[in-house]
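Observations on the model geometry
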Amino acid sequence: MNTLHLIFNQAGLKSCEHLKASGDQVILIGDGVYQFQSDLAGFDQKGLFILEDDYLARGLPPDEALNLISYTQMVDLCAKCAPIVSWHA
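Now for a look at the structure at hand.

Calculation notes
- Residues numbered from 1 in each chain as written.
- Predicted model: local features only at pLDDT ≥ 70, side-chain atom pairs only at ≥ 80, totals over all residues.
- Heavy atoms only, no water.
- Helix = DSSP H or I, 4+ residues; strand = E, 2+ residues; numbered from the N terminus.
- Rg over C-alpha atoms; globule rule 2.2 N^0.38 Å.
- Buried < 20%, exposed > 50% of the residue type's maximum accessible area, 1.4 Å probe, protein only.
- Contact = heavy atoms within 4.5 Å.
- Areas by Shrake-Rupley, 256 points an atom, 1.4 Å probe, with all protein chains shown as cover.
- Salt bridge = Lys/Arg side-chain N within 4 Å of Asp/Glu carboxyl O.
- Polar contact = N/O pair within 3.5 Å; in protein donor to acceptor, adjacent residues only side chain to side chain.
- Pairing = 2+ DSSP bridges.

If you tally the helices and strands in the protein, you get three helices and five strands. Along the protein, helices (α) and strands (β) appear in the sequence β-α-β-β-α-β-α-β when read from the amino end. Against the compact-globule benchmark of 12 Å for 89 residues, the protein has a radius of gyration of 12 Å, which places it among compact chains. Dimensions of the protein along its principal axes, counting C-alpha atoms only, are 35 × 25 × 20 Å. Residues counted as buried form 38% of the 89 residues belonging to the protein. Counted over contacts in the protein with a minimum sequence separation of 6, partners at least 24 positions apart contribute 47%. By element, 52% of the accessible surface of the protein is carried by carbon and sulfur atoms, the whole surface being about 5,000 Å².

Taken as a whole, this structure holds one salt bridge when the rule is applied. The partner of Asp31 in a salt bridge is Arg58, with the nearest N and O atoms 2.9 Å apart. Separated by 27 residues along the polypeptide, Asp31 in the loop between β2 (25-28) and β3 (48-51) and Arg58 in the loop between α2 (52-57) and β4 (68-69) bring together distant segments of the chain. The class for Arg58 is partly exposed, based on a relative accessible area of 28%.

It is worth spelling out the side chain of Gln25 at this point. Relative to the elements of secondary structure, Gln25 occurs in strand β2. A distance of 3.5 Å separates a polar side-chain atom of Gln25 from the backbone oxygen of Gly23. Contact partners of Gln25, with chain neighbours within four places excluded, come to Asn2, Thr3, Leu4, His5, Gly47, Phe49, Leu77 and Cys81.

Reading across the sheet, the five strands line up as β4-β3-β2-β1-β5 and stay open at both edges, with parallel pairing between neighbours. A strand with exactly one partner marks an edge of an open sheet, and here the two such strands are β4 and β5 (84-87). Taken together, the four bridges between strand β1 (residues 4-7) and β2 define a ladder with parallel strand orientation. In the sheet register, Leu4 faces β2, and the bridge partner there is Gln25.

Below, the structure is given as structure tokens:
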């Protein structure tokens, strides 16, 4: 199974960058959704997701190019991945 990384902020993104492996899944959640504007070149775009409710709650514009997911889809990813790592810093 692949690891699922939950990114909660910019510091979490920086920490995750150094430890994630190829094929891991990443979800930008909470204030981590702002990191969609960061340099994410080191992340596989197919495995990079943004929690839609958190994204829209922050007044960010809808963008079909982003891989926005629902809470239900996030739960599905949680069930398919192990371990799950939360990155706050």
